[in-house]
Every structure is written in structure tokens, then in C-alpha cells.
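Spelled out, the chains give:
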Amino acid sequence: MKVLKITPVFLLLAILLTSCSSVQVASDYDREVNFNQYKSFAFFKPGIDKAEISDLDKKRILRAIESEMQRKGFTKSENPDLLVSIFTKTNENINIYQNNMVGWGYGWGWHPWYWGSGFNTVNRTSEGTLYIDLIDAEEKELVWQGMGTAALASDVDKKQERINEIVRKILEKYPPEINK
């Protein structure tokens, strides 16, 4: 009997945990560009300054991008091939899970005089979208854009870890696989 009552709680917890860990990513790029020509990067300060997030979160994002770009073989330079800019959006999601189990009488161990109308569970999550733009430094044209959407960490100790995961997933799409 207790297994039937506990199972939905664990199922809901499992769904919440897996939904929080996923990052949805997409990318777009200019098909006319030879991405092998790019070897160095720098941050595009005017674009980064426009991002509507705290300076601390900007630092976290820029650290993660710099680490991933260097891991891909790029060097940070005063005379770069690529300029890196970011743009962010944030949404607050409110999820209401409705449990309409209504019962009376016997069955499933309920008391004969039991009458109930179920319960609702409300869950709030902040979801953020991070856009990473790679701009050809010479032409000043956007050549690649990656986007990642995920639930945000509210715990300060987990923010950098979460941002690192989001940036890593986005930049996994770079360079694009061009089918010829």
C-alpha cells in the first residue's frame, strides 16, 4: 500500500531532476564561411555590455566561453580572427501539477468515509537562454550563432557549474559540420 503512495512522489522528483539537467541547444551559421581560417578570438565588449544579467554572471559566462574556446584550440588575442558576443533572455516558468485522485469507499485501502479532492503541486523554475555569437573580426559579420536554453541554478555554489555545462553544450556545435 505504501509503495503506491510513495511511487508518484519519486516519479515526480525524477522528472524534475532530469528536466533541470537538460540543455536544449541549436546553432546556425553562414554556409559560405570557411571556419578553418579562425584560430584566435577576443570578446566583443559592446555586445557583452548589453547583456541584461549581473556582472558576476557575465564573468561566469565569459570564463566558461574562454575555457571552451581554448579547449578547442583557439587562442585569446588582441588581434583576433573572431569576436565573441553574448545575449541572454530569462523566463520564469510556473508549473502546476494537478493530482485529481478522488475517492471514497473501500479500494486501495481508503477508509469507507474518506472523501478527498486531490492536491496541486506548484513548481517555479527560472529558465535562461544564452546566445553565443561568433563574429568575423575583419568583416564585422556574424558567422555562427549558438543558443542554449536550460533551467538556471539559484544556488551560488552551483551557478558556475551550470553555466559551464550550458556553454559546453552550445559550443559542442562549433565548428559546424558542413555537408558538401
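Conventions and cut-offs
Per chain, residue numbering runs from 1 following the sequence as it is written. For a predicted model such as this one, the threshold for reporting local features is a pLDDT of at least 70, and the threshold for listing and counting side-chain atom pairs is 80 or more; totals across whole chains, interfaces and linings nevertheless cover every residue. Only hydrogens and water are removed before side-chain values are computed, so all heavy atoms of the structure are retained for them. Any pair of Phe, Tyr and Trp rings, taking the six-membered ring for Trp, is counted once the centres come within 6.5 Å. Such a pair is stacked with planes under 30 degrees apart, edge-to-face with planes over 60 apart, and tilted for the rest. Burial status follows relative accessibility: with a 1.4 Å probe on protein chains alone, a residue under 20% of its type maximum counts as buried, one over 50% as exposed, and anything between as partly exposed. Counting from the N terminus, the helices are DSSP H or I runs at least four residues long and the strands are E runs at least two residues long. Distance and chemistry together define a polar contact, namely a pair of N or O atoms within 3.5 Å, with one atom able to donate a hydrogen and the other to accept it when in protein, and with adjacent residues in sequence counting only for side-chain atoms on both sides. When checking whether two residues touch, look at their non-hydrogen atoms; a contact exists if any pair is within 4.5 Å. Angles here are taken between N-to-C directions and fall from 0 to 180 degrees, while the axes themselves are lines fitted to C-alpha atoms, restricted in helices to the stretch in contact. In this scheme, roughly parallel covers angles under 35 degrees and roughly antiparallel covers those over 145, while 65 to 115 is roughly perpendicular and the rest are oblique. Each crossing gets its handedness from the near helix: less than a right angle anticlockwise from the far helix is left-handed, clockwise is right-handed. The classification used treats Ala, Val, Leu, Ile, Met, Phe, Trp, Tyr, Cys and Pro as nonpolar, Asp, Glu, Lys and Arg as charged, and all other residues, Gly among them, as polar. Take a side-chain nitrogen of Lys or Arg and a carboxyl oxygen of Asp or Glu: if they are within 4 Å of each other, that pair is a salt bridge.

Undergrad: Before we go on, may I ask you to explain the packing of aromatic side chains in this structure?
TA: Summed over all chains, the structure comprises 7 aromatic pairs. Considering the side-chain rings of Phe-41 and Phe-43, the 5.8 Å spacing of their centres and the 85° angle between planes classify their relative orientation as edge-to-face. A residue is classified by how much of its surface remains accessible, and Phe-41, at 0% relative accessible area, is buried. Through pairs of rings, three or more aromatic residues link up here, namely Tyr-29, Phe-35, Tyr-38, Phe-74, Trp-144 and Tyr-174.

Undergrad: Just checking my understanding: could you explain the side chain of Arg-60 for this structure?
TA: With respect to the helices and strands, the residue Arg-60 is situated in helix H3 (residues 55-71). Classification of Arg-60 as buried rests on a relative accessible area of 13%. A polar contact is formed between the side chain of Arg-60 and the side chain of Asp-57, at a distance of 2.7 Å. Once you skip the residues sitting within four places of it in the chain, Arg-60 turns out to touch Val-156, Lys-159, Gln-160 and Ile-163.

Undergrad: Looking at this structure, I do not really get the packing of H3 against helix H4 (residues 156-171). What am I missing?
TA: Each pair of packed helices can be described by the angle between their axes along with the distance between the axes. It is at 9 Å that the axes of H3 and H4 come closest, and there the two elements cross at 45°. Compared by their axis directions, H3 and H4 come out oblique. As H3 runs across H4, the sense of the crossing is right-handed. The residues of H4 that touch H3, namely those facing Asp-57, Arg-60, Ile-61, Arg-63, Ala-64, Ile-65, Glu-68 and Met-69, are Val-156, Lys-159, Gln-160, Ile-163, Asn-164, Val-167, Arg-168 and Leu-171. Considering only residue class, the contact of H3 with H4 consists of 8 nonpolar, 2 polar and 6 charged.

Undergrad: Help me understand the pattern of salt bridges, please; the structure alone is not making it clear to me.
TA: Two side chains carrying opposite charge are able to pair once their charged atoms lie near each other. All told, the structure shown has 7 salt bridges when counted by the stated rule. Ionic pairing is found between Asp-57 and Lys-159, a salt bridge with its closest N-O pair at 3.8 Å. Placement of the pair is Asp-57 in helix H3 and Lys-159 in helix H4, with a sequence separation of 102 residues. Residue Glu-66 is joined to Lys-76 by a salt bridge in which the shortest nitrogen-to-oxygen separation is 3.3 Å.

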